[in-house]
Each structure stands twice: as structure tokens, then as C-alpha cells.
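# Fold and geometry: a report
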Amino acid sequence: MNAKRPTQQSYDVIIIGGAIMGASTAWFLSDNDDFDGSVLVVERDMSFASASTSHTNSCMRQQFSTELNVKISQFAADFVKNMRSYMGEDDRIPDLKIQSFGYMYLADNEDFARVLRENQKVQVSAGAATQLMTPEQIQAAYPFYNVDDILLGSINLVDEGYWDGATVNDWWRRQSRERGVEWIENEVIAINRNAADTQVESVTLASGEVIACGQVVNASGPRAARTAQMAGIDVPVEPRKRYTWVFKAEQPLDRELPLTIDPAGVHVREHGGGTYQCGGHSDVDPAVGFEDHTMDHALWESHIWPTLATRIPQFEAIKVQSEWAGHYSMNTFDHNAIMGPHTALSNFIFLNGFSGHGLQQSPAMGRGTAEWLTYGEYRSLDLTPFSYKRIEDNRPIIEKAVI
Ligand SMILES: Cc1cc2nc3c(=O)[nH]c(=O)nc-3n(C[C@H](O)[C@H](O)[C@H](O)COP(=O)(O)OP(=O)(O)OC[C@H]3O[C@@H](n4cnc5c(N)ncnc54)[C@H](O)[C@@H]3O)c2cc1C
């Protein structure tokens, strides 16, 4: 049974949203000896039915176009591989691995081939093992692809692939609870400013209580803009639908399939046991309702399946086994994270806008947010480029490798 009501009238930190970003922040706070405050995590639905975290594909990559995004994913890889050691050598914690099948980006035009070449330089200088591949090299290593239209590929087979985000998330939640973080199933319905209008003073819960807070963290995923609005703040984050299908191939591939990003906007990867997982979205990509998870079956027939069968002819004969629609919390400004304090309301902390790469960013972003809450600065990795101020200043961080 989840607790519904807080035990105190006031907390040093209130985290709004208890999926992976809220859990990571709560855990890193609980792990920091310099932080001795009280923490309340408020989660509106402990079944996490509409959370992005429940619909994720749970992959990580180092193929980003900015060094900071590469380093954020490298910390994720290190955390996942050494989770037990990070979490106090707790012997209940399982050994996790990354299935490093790599992401295979395919370019079918010179402009995108140039982007891949430029990105590879950034990635390699940040310590990633990205290799460029000619169509002939791709064909030799992965004979199942049709590369007739392909000019260049880019792949990294080190710490890039699938990881078990759900287990990391569960352990963050569980261990943070054991260390005194309070978790309740309730909803923040209002955020109240002080009389001078300079700080958040308290939040109002759906159950009626008004709970005072020192700092408040917006970890509410696709609902980020709604939560920010409660404090009178605008943040450019929208729920955008992303579809996933798991299918069985009549003739499974004879080797591991990298997470292949087809130029037609479809991605597909190994799922195990002769099954594969693929995803995509419609060209018309509006903001959707928070509870809208209806599938687009026409998209499968008209675009996803034909794209798969063109790229990998063996995927002409496949059968869908399961499917779901989830929401990216899309940062419509520049598709990157929005982190740290609001410029005027300095105890309102953003943790939003992860635009499809938030699962792998959760270790670094939770650690960074916990540092900000404790010290008022980032200590491990400087995350200030992701500040809300860049939006006010109209300085987008252009990430050229978005899926
Ligand atoms: C189909 C799909 C595939 C993806 N694949 C990948 C991938 O391969 N790799 C990767 O890195 N990322 C991936 N992502 C993105 C990743 O899943 C998300 O970035 C990440 O899960 C975001 O976590 P979050 O905690 O910010 O948001 P969420 O998981 O959405 O959690 C937000 C929580 O806040 C709660 N909440 C909201 N408002 C309130 C309120 N007022 N009061 C209380 N609680 C509230 C919600 O109930 C929810 O549980 C994918 C996403 C989707 C949809």
C-alpha cells in the first residue's frame, strides 16, 4: 500500500514526479553525506501508467553531437555496470550489463553523411568508440541490410545498446525510501509563491494539504509545462506520441541487429529470441493529451513495415507480438534537457524536456540536480549549458543526433 499523505508539514525538497528522474534525484540526495535535509516525492500514479518511463525502449548511446551529451551517457554506462558499487555494495542489487549491439546510423545523402562525420570527431574526442563504415563494410559485417541507397554508416559497439532501466529505477526508489526519503501517491495541484513573489513557498496536494518546501523539483515528464504553469512559469515541453512494436521474424537474422536508425525515420533493434523491437512516429506530430495512448495501426501498414522490409528484406515476413504508444516530453525549443533553477523563482528547479533520451540521462541528471539542491552548483559534470536561461536568451543547444 502506498502512503497517500505526507507525515510532515514542511520539507527541504519536494520532488513532483516519482518516475526515473524523480527517483534518481531522490536517491542521489539520499546518497550525499553533505545533504541532511528532508525529501518528499509526490507521485500522482504509482502504477506509472502514463509515465514515459513505463513506455521506454531503454537504450543508451554515445552517438550525440555535443560532448556534454556524450559524457552524460558515459556516466550512465559506468553507473549501470557498477551499480552495486555505487549503491553501497548492497548485495541485493543485481549485476547489470549493457547489451552493446550499438546504434547504426545510416546516411542516404551527403548532408547527413557530413553530420555523421562531424559527430564522430566530437564523439571520439570525448572518448567514444564510434566508427564510420562504408556501405561495403556495412554489407560485410551485416549482410542482411539492403545498402543500395546508403552512403555512410556510423556505429559504436562499446557501452551503446540496451540496459535494464526498470531495475535501476526500482532500486533508486527502494534504497532512497530505506534511507528516509518519503514517497507518497498524491498529486500536486498548485504551487504557491511567497508574498514577495520571489520564491516557491509551498505546494498544494490533491488531498488538500498545503506543504511548505525549501526547494521544489519539476520532474513531471510530459506534464512538465502543466506543473511549471502552476508556478506561473512557461516551459516549452509537450507530450509527443512515439510508437513501439515488438515483432517476430519468420526467418530470424543470423547475427545481432544493431539499433538501426533508418533514414526514413524508423528504428529497429534486437529484442531477443528471434524477436525485434522497432519504433517511429507519424509525420504529423502534434502535442497529445496526457492520457492519449491510442495506437496508429495505419502507420505500421503504410510506413513502418514497408521501411523495415526495404532495409532488411528478411523482415518482409514478420508478425507483430505487442505494441504500445508512449510520450516523449519533447523540448520544442532545442530537444535537449532543461535543468536547474528558474531565473526569477530560484527555488523552482527544472528537470525536464528530455525528448527521447531521458532514460540514459537519468543517472547524470539526477546526480547533477542533487548537487544543485545541496550546493547551489554542479560539481561532477557542469550541466549549466542546459539552464532555463538559454531559453530566455534564445541560445539553443543544437543536438544533431535526435531519434
Ligand atoms: C517510446 C519511448 C521510447 C524511449 N526510448 C528511450 C531510450 O531508448 N533511451 C532513453 O534514454 N530514453 C528513452 N525514452 C525517453 C525516456 O523514457 C524518458 O525521457 C524518461 O523516462 C523520462 O522520465 P521522467 O521521470 O522525466 O518522466 P516520466 O517517466 O513521464 O515521469 C513523470 C512522472 O511525474 C508524475 N507527475 C506529473 N505531474 C505530477 C503532479 N502534478 N503531481 C505528482 N506527480 C506528477 C507522472 O505521473 C509521472 O509518473 C523513450 C520514451 C518513449 C516514450
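So, here's what we can say about the structure.

## Quick look at helix 9 (residues 358–375)
With 18 residues, helix 9 extends 24 Å between its outermost C-alpha atoms, agreeing within 8% with the 26 Å of an ideal straight helix rising 1.5 Å per residue. At Ala364, helix 9 is bent by approximately 35 degrees, the largest bend along its length. A large share of helix 9 lies buried, amounting to 16 of its 18 residues. The first or second residue beyond helix 9 is Gly376, which carries a positive phi of 75 degrees.

## Description of a negative patch on the surface
A cluster of like negative charges, contributed by Asp12, Asp33, Asp34 and Asp36, occupies part of the molecular surface. For Asp34, the location among the structural elements is in the loop between helix 1 (20–30) and strand 2 (39–43).

## Side note on the sheet that holds strand 16 (residues 318–331)
The sheet built from eight strands is open, its strands ordered 5-6-4-13-14-15-12-16 with mixed pairing. Only two strands of the sheet have a single partner each, and these edge strands are strand 5 (131–133) and strand 16. Going from strand to strand, the sheet's axes swing by 20 degrees on average, the running direction of each strand aside. Alignment of strand 12 (residues 237–249) against strand 15 (residues 275–280), held across six bridges, turns out to be antiparallel. Pairing of Trp245 across the sheet is with Cys278, part of strand 15. Against the sheet, helix 4 (residues 110–125) contacts strand 4 (103–107), strand 5 and strand 6 (152–155), and its axis sits at roughly 140 degrees relative to strand 4. Where helix 8 (residues 297–311) meets the sheet, it contacts strand 4, strand 12, strand 14 (267–272), strand 15 and strand 16, and its direction lies at approximately 55 degrees from that of strand 12.

Parameters at a glance
Residues numbered from 1 in each chain as written. Predicted model: local features only at pLDDT ≥ 70, side-chain atom pairs only at ≥ 80, totals over all residues. Heavy atoms only, no water. Helix = DSSP H or I, 4+ residues; strand = E, 2+ residues; numbered from the N terminus. Expected span 1.5 Å × (residues − 1). Bend = angle between axes of the 7 residues up to and from the residue. Buried < 20%, exposed > 50% of the residue type's maximum accessible area, 1.4 Å probe, protein only. Patch = residues over 30% accessible without salt bridge, like charges linked within 9 Å, V, L, I, M, F, W, Y side chains within 5 Å. Areas by Shrake-Rupley, 256 points an atom, 1.4 Å probe, with all protein chains shown as cover. Salt bridge = Lys/Arg side-chain N within 4 Å of Asp/Glu carboxyl O. Lys, Arg positive; Asp, Glu negative; His and termini not counted. Charge placed at Lys NZ, Arg CZ, Asp CG, Glu CD. Pairing = 2+ DSSP bridges. Axes fitted to C-alpha atoms, helices over the stretch in contact; angles between N-to-C directions. Contact = heavy atoms within 4.5 Å.

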